[in-house]
Amino acid sequence: MIRVEGLRKSFGDVRAVDGVDLQVEQGEILVLLGQNGAGKSTTLRCLGGILRPDAGLIELDGLRLPEHLDSVRARLGVVPDQARLYGRNTAPEYLDHFGYLYGVPEAIRRQRIDALLERFELADRKTTVLAAYSRGMAQKVALIRATLHEPDWIFCDEPTAGLDPVAAADMRRYLEEQKSRGAALIVTTHVLSEAELMADRIAIMRRGMVVTHGALDELRQQAGQGRRFLAHLARPLADSQEVSRWLREHALEHSLEGDCVRYTLPWQASTEERAEFAARLQALLAEQGAPFHELEEEETTLESVYLKAMAAPAVESKDNPVPSSPVASGIRAPRMFASIGNQGSMLRHALPFYVSSWWRRGDLSWVMYLNAFVLLLVVGTSLFGQLPGVAGQVAQRFAGGQALQAGLLLPLFFLSFALLESIKSSIGIWWEKAQGSLEVLLYTPVDDPSLIWLEVLPGAVVSAVWVTVWAAAGLALLTLFGEAAPWDLLPVFAFVAAATAYWAAMGRMLGFMLFPREGAAGGAWSFLLSPVSAAVADLPLALFVFRSPLAPASLLLPVTACVALTILCGVTFDRERLMETGLTRIRRKRSWLPIGVLRRNAAAVVAGVVLAAAPAGIAGTISANAHWHSWSDVRAAATGAPIGPAQAALVSNRAPAQVNGVTVAAAGLSGIVATLALMLLLVMLSFAAFFLLGFPAVAALVAGAAVWGVQLGFGSAGPLGIWLAGAGGIALLALALNTGAALPIYWSLVFGSGRRLDRLREAWSAYWALFRGLVIPACALFGVVVFRLLASG
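Residues numbered from 1 in each chain as written. Predicted model: local features only at pLDDT ≥ 70, side-chain atom pairs only at ≥ 80, totals over all residues. Heavy atoms only, no water.

### Notes on the side chain of D18
1) Next: Position of D18 relative to the elements: it lies in strand β2 (residues 14-24).
2) Next: Accessibility expressed as a relative area gives 11% for D18, which makes it buried.
3) Next: Engagement of the side chain of D18 in a polar contact is seen with the side chain of R8, the distance being 3.5 Å. (Helix = DSSP H or I, 4+ residues; strand = E, 2+ residues; numbered from the N terminus. Buried < 20%, exposed > 50% of the residue type's maximum accessible area, 1.4 Å probe, protein only. Polar contact = N/O pair within 3.5 Å; in protein donor to acceptor, adjacent residues only side chain to side chain.)

### Details of the sheet that holds β2
1) Next: Spatially, β2-β1-β4-β5 is the arrangement adopted by the four strands of the open sheet, whose pairing is antiparallel. Edge positions in the open sheet fall to β2 and β5 (63-64), since each of these has one partner strand only.
2) Next: As defined by bridge partners, strand β1 (residues 2-11) adjoins β2 across eight bridges and the pair is classed as antiparallel. Counterpart to V4 in the pairing with β2 is L22. (Pairing = 2+ DSSP bridges.)

### Points about helix α27 (residues 602-625)
1) Next: Its 24 residues place the ends of α27 34 Å apart at the C-alpha level, agreeing with the 34 Å of an ideal helix rising 1.5 Å per residue.
2) Next: Residues A604, V605, G608, A612, P615, A616, A619, G620 and S623 constitute the buried set of α27.
3) Next: At the C-terminal side of α27, H627 shows a positive phi close to 60°. (Expected span 1.5 Å × (residues − 1).)

### Side note on the pattern of salt bridges
1) Next: Per the counting criterion, the structure on display carries 28 salt bridges.
2) Next: A salt bridge links R52 to D574; the nearest nitrogen and oxygen atoms lie 3.1 Å apart. With a gap of 522 residues between them, R52 in the loop between α1 (40-48) and β4 (55-60) and D574 in the loop between α24 (556-572) and α25 (575-579) connect regions that are remote in the sequence.
3) Next: Judged by relative accessible area, R52 falls into the partly exposed class, the value being 23%.
4) Next: Here D81 and R84 are joined by a salt bridge, their closest N and O atoms 2.8 Å apart.
5) Next: Salt bridges sharing partners connect three or more residues here, namely K9, R52, D574 and E576. (Salt bridge = Lys/Arg side-chain N within 4 Å of Asp/Glu carboxyl O.)

### Remarks on the sheet that holds strand β3 (residues 29-34)
1) Next: With mixed pairing, six strands are arranged side by side in an open sheet as β6-β7-β8-β3-β9-β10. For this open sheet the edge positions go to β6 (76-79) and β10 (209-214), each flanked by a neighbour on one side alone. In this sheet, adjacent strand axes meet at a mean angle of 15° when their direction is disregarded.
2) Next: The pairing of strand β9 (residues 201-206) with β10 spans five bridges and is classified as antiparallel. Within β10, the position partnered with A203 by the bridge is H213.
3) Next: Seen against the sheet, helix α11 (residues 302-311) touches β3, β9 and β10 and runs at an angle of roughly 35° to β9. (Axes fitted to C-alpha atoms, helices over the stretch in contact; angles between N-to-C directions. Contact = heavy atoms within 4.5 Å.)

### Description of the pairing of β6
Within a regular beta strand, the side chains point alternately toward one face of the sheet and then the other, so they alternate between its two faces.
1) Next: Of the two faces of β6, the one carrying L76 and V78 and the one carrying G77 and V79 are both buried.
2) Next: Two strands pair when backbone bridges link them, and β6 and strand β7 (residues 153-157) are joined in this way by four bridges, in the parallel orientation. Within β7, the residue paired with V78 across the bridge is F155.

### Some words on the packing of aromatic side chains
1) Next: Per the stated rule, a full pass over the model turns up 12 aromatic pairs.
2) Next: Plain terms: the ring middles of W768 and F771 are 6.2 Å apart, the flat faces sit at 80° to each other, and that makes the pair edge-to-face. One end of the pair, W768, and the other, F771, are both in helix α32 (residues 756-791), three residues apart, so they sit about a helical turn from each other.
3) Next: According to the relative accessible area criterion, W768 is partly exposed, its value standing at 28%.
4) Next: The exposure class of F771 is buried, given its relative accessible area of 6%. (Phe/Tyr/Trp six-rings, centres within 6.5 Å; stacked < 30°, edge-to-face > 60°.)

### Focus on a nonpolar patch on the surface
1) Next: On the surface, F495, V559, V563 and I567 cluster together into a nonpolar patch covering about 270 Å² of accessible area.
2) Next: Counting residues per element, the nonpolar patch draws most heavily on α24, which supplies three residues.
3) Next: Examined against the element boundaries, I567 turns out to sit in helix α24. (Patch = residues over 30% accessible without salt bridge, like charges linked within 9 Å, V, L, I, M, F, W, Y side chains within 5 Å. Areas by Shrake-Rupley, 256 points an atom, 1.4 Å probe, with all protein chains shown as cover.)

### Re the packing of α27 against helix α30 (residues 695-713)
1) Next: Close contact between α27 and α30 brings their axes to 7 Å; oriented N to C, the two are set at 35°. The hand of the α27/α30 crossing is right-handed. Here α27 contributes G608, L611, A612, P615, A616, A619, G620, S623 and A624 to the contact with α30, which in turn contributes V698, L701, V702, A705, A706, W708, G709, V710 and G713.
2) Next: Looking at the contact of α27 with α30 residue by residue, the class counts come to 13 nonpolar, five polar and no charged. (Left-handed = near helix turned anticlockwise from the far one by under 90°. Nonpolar A, V, L, I, M, F, W, Y, C, P; charged D, E, K, R; others polar.)

### Observations regarding the packing of helix α5 (residues 135-147) against helix α6 (residues 165-180)
1) Next: Interaxial distance between α5 and α6 falls to 11 Å at its minimum, and their mutual angle equals 5°. Between α5 and α6, the interaxial angle falls into the category roughly parallel. Listed contacts from α6 to Q139, K140, L143 and T147 of α5 are D170, M171, Y174, L175 and Q178.
2) Next: Residue composition of the contact of α5 with α6, by class: four nonpolar, three polar and two charged. (Parallel < 35°, antiparallel > 145°, perpendicular 65-115°, else oblique.)

### Digging into the environment of E576
1) Next: The topology assignment puts E576 in helix α25.
2) Next: In this structure the C-alpha to C-alpha distance between E576 and R52, which are 524 residues apart in sequence, comes to 7.0 Å.
3) Next: Once residues within four sequence positions are removed from consideration, E576 is found in contact with K9, I50, L51 and R52.
4) Next: Of note is the side chain of E576, whose polar atom sits 2.6 Å from the side chain of K9.

### Here's the deal with the side chain of R73
1) Next: Along the chain, R73 falls in helix α2 (residues 69-74).
2) Next: The contact partners of R73, leaving out residues within four places of it in the chain, are G48, G49, Y102, L442, Y443, T444, P445 and R575.

### Some remarks on α1
1) Next: Where burial is concerned, most of α1 is hidden: eight out of the nine residues are buried.
2) Next: Those residues of α1 lying buried are K40, T42, T43, L44, R45, C46, L47 and G48.
3) Next: Looking one or two residues past α1, G49 carries a phi angle of roughly 85°, positive in sign.

### Observations regarding unusual backbone geometry
1) Next: Residues L65 and P66 are joined by a peptide bond in cis, for which omega reads 5°.
2) Next: Relative to the elements of secondary structure, P66 occurs in the loop between β5 and α2.
3) Next: Its identity is not glycine, yet R84 carries a phi of approximately 55°, on the positive side.
4) Next: Within the secondary structure, R84 is located in the loop between β6 and α3 (91-101).
5) Next: Backbone geometry at E121 places phi at a positive 60°, although glycine is not the residue there.
6) Next: Following the sequence through the fold, E121 ends up in the loop between α4 (106-119) and α5.
7) Next: Owing to a relative accessible area of 66%, E121 belongs among the exposed residues under this scheme.

### Brief notes about the confidence of the model for the protein
1) Next: Averaged over all residues, the pLDDT of the protein is 79; the fraction at 70 or higher stands at 79%.
2) Next: Confidence drops under a pLDDT of 50 for residues 398-406, and excluding neighbours within four residues, the segment shows 19 contacts in the predicted structure.
3) Next: Confidence drops under pLDDT 50 across residues 582-587; counting only partners more than four residues distant or on other chains, this segment forms eight contacts. (pLDDT = per-residue confidence, 0-100.)

### Quick look at the environment of L247
1) Next: In this structure, L247 sits in helix α9 (residues 241-250).
2) Next: Residue class for L247 comes out buried when judged on its relative accessible area of 0%.
3) Next: With sequence-adjacent residues up to four places away left out, L247 is seen in contact with H254, L256, V261, Y263, F277 and L281.

This is how it looks when you write it as structure tokens:
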């Protein structure tokens with residue numbers, strides 16, 4: 001039995017579900033009716049566990065959500081409002097994949113797949129990819145997917161929408177078969193005739209509330225005063241007064257119109273009473289010479305019931321909502337890392353499935369071309385002893401005798417990033433979210449850690465194998481041409497490829513949690529994460545290539561970064577965030593300077609300015625009291641050497657440079673570039689500091705303020721004093737404002753508790769608002785100063 005009491009769910013300011021009460025027995029079909037936006041789909045998603053209700057009780061056969069969510073998912077089948085299939089797979093491949101996720105043994109699921117495909121007349125389309133299926137065929141596959149594991153509860157969101165009458169009738173018959181098996185079904189639809197044909201009970205929703213519910217006969221009784229009958233007379237009555245007087249005494253309502261007589265009897269009138277009433281009416285009409293030749297009952301239609309429910313006055317929701325069970329947010333680090341050992345079976349199944357989809361994508365050729373191009377570079381280095389052309393001269397200058405080995409960096413750059421751009425749209429959660437099939441996956445009994453590893457591990461394995469194979473091919477070519485191939489670097493190539501793929505996948509998952517409205521790609525998050533992941537992974541590779549003694553120790557950098565990102569991703573994980581798009585929320589008008597956000601974060605902004613002003617003031621005081629006039633004096637004081645006498649500032653007798661149009665244009669371009677470069681650097685600093693609890697941002701602010709304070713203490717005698725005092729001061733202000741705006745993010749990471757993810761998202765939202773309102777103007781002012789200094793010569 002499905003029992004729901006006081007269910008509520010809001011999205012921002014929108015109340016989608018407002019106090020819904022439902023009850024569905026085993027072997028019963030409940031049909032939910034309502035207009036678009038009434039809350040039907042949201043109700044089903046709350047019952048399926050992919051949306052977290054704000055309040056209310058949900059129990060399925062005594063299993064209360066969310067405490068027993070994993071047990072419920074294993075016995076639940078869901079057909080969403082769209083089929084949401086994997087277009088590159090065939091029906092047997094697709095159904096076998098979900099049969100595995102639901103824990104159906106291999107032999108049983110193959111037998112059921114064959115039988116159900118035959119049952120729905122799809123057996124002859126086994127080798128056709130699902131992208132070529134019609135709407136009706138796709139809906140049939142979706143229904144097979146939802147019932148392959150013979151669930152105890154089935155939710156269908158408009159399963160017959162867009163189907164022809166034959167396909168819709170077949171769908172209804174199959175749902176009746178599931179009902180006969182003992183399953184409890186909840187079906188939503190807009191087609192009232194469908195509801196009349198399949199429903200045991202009906203609930204009508206409006207504005208998130210159930211306005212009426214019951215069996216169809218019960219709803220008809222609520223909509224009308226009684227049973228209505230229509231009698232067709234042989235001829236119109238010559239004198240209707242006597243018949244009208246008798247009907248007024250014995251019927252609830254009546255009307256006489258020409259050769260038709262309508263009357264209404266109470267609902268509780270028995271068959272014998274209705275027959276006796278008809279006989280007496282016939283005798284009376286016969287006396288008037290106009291007996292009826294046909295008598296029919298005018299049933300109250302479901303349409304009239306529905307329209308009456310829609311027109312009824314709105315009912316206020318209950319003021320005392322049923323509290324929902326508390327939900328623990330995120331995944332603790334011990335559980336996250338302990339779950340890796342349980343991913344072997346999932347990886348063995350998912351890896352071939354996702355790789356086959358990736359292979360069928362059709363655009364893998366461009367990755368192959370890049371690999372072939374890289375191998376040609378390796379051949380060139382083998383033949384010429386270095387990279388050909390200018391690239392070889394640069395490599396020879398920086399790498400010396402190891403220019404050939406340094407050239408091996410190129411294959412990794414091409415292979416890793418080209419491969420990641422390809423596989424990220426064919427493997428794991430990114431792919432599911434991009435093609436709109438993630439909702440189906442979230443209904444399966446795959447636990448939270450496994451969902452994260454499903455995004456991370458297949459891509460890491462594919463990247464490591466792919467890069468290892470192609471790097472080995474490059475080393476083999478070096479050996480073939482008589483060069484000393486560094487085979488000891490091959491494990492490093494594999495490790496860096498795996499670390500890069502791991503970091504990128506974990507970063508995407510974190511982006512989904514923090515910025516769900518950015519879409520599947522993660523928007524600016526992915527753009528900023530890529531260079532960070534490259535730096536984390538490729539620095540150790542470069543040290544190994546150049547045989548640095550620090551190379552083995554440098555492996556701690558990607559390992560530590562991946563562990564930190566895994567912990568952060570686990571702590572912030574929330575299934576509901578994966579479903580969120582932000583499209584249903586009210587979009588408010590943005591203001592360039594958000595006063596409310598500035599007021600709430602004023603303390604953090606002031607703290608950022610103080611973090612800059614304090615070390616700048618201290619450093620400036622020390623520099624002035626020590627009579628330092630240049631950085632040479634600072635180095636001398638640091639080493640204990642004597643400080644030379646102060647030199648008078650050089651006064652140039654040159655005439656000021658004549659300003660022309662070219663100078664102004666060049667200065668203007670430099671100012672624009674300086675503004676954009678400073679903005680990008682500040683954002684990248686905030687993102688990098690996010691993974692290290694804010695220490696890099698705070699350290700950079702304190703160090704920059706100290707340097708600027710020392711320079712300020714030099715006075716006018718310092719070299720480039722006007723540049724560093726003017727432009728440097730504005731840049732320091734921008735850095736202080738940026739750090740202050742980001743301090744709530746770092747605070748949430750270190751001291752956050754409870755709904756940590758909500759706090760992080762609020763902090764990031766406030767950061768972008770303050771960046772737009774305070775930091776960007778400071779960066780623009782920095783660009784203006786640069787322009788003024790350059791334009792003045």
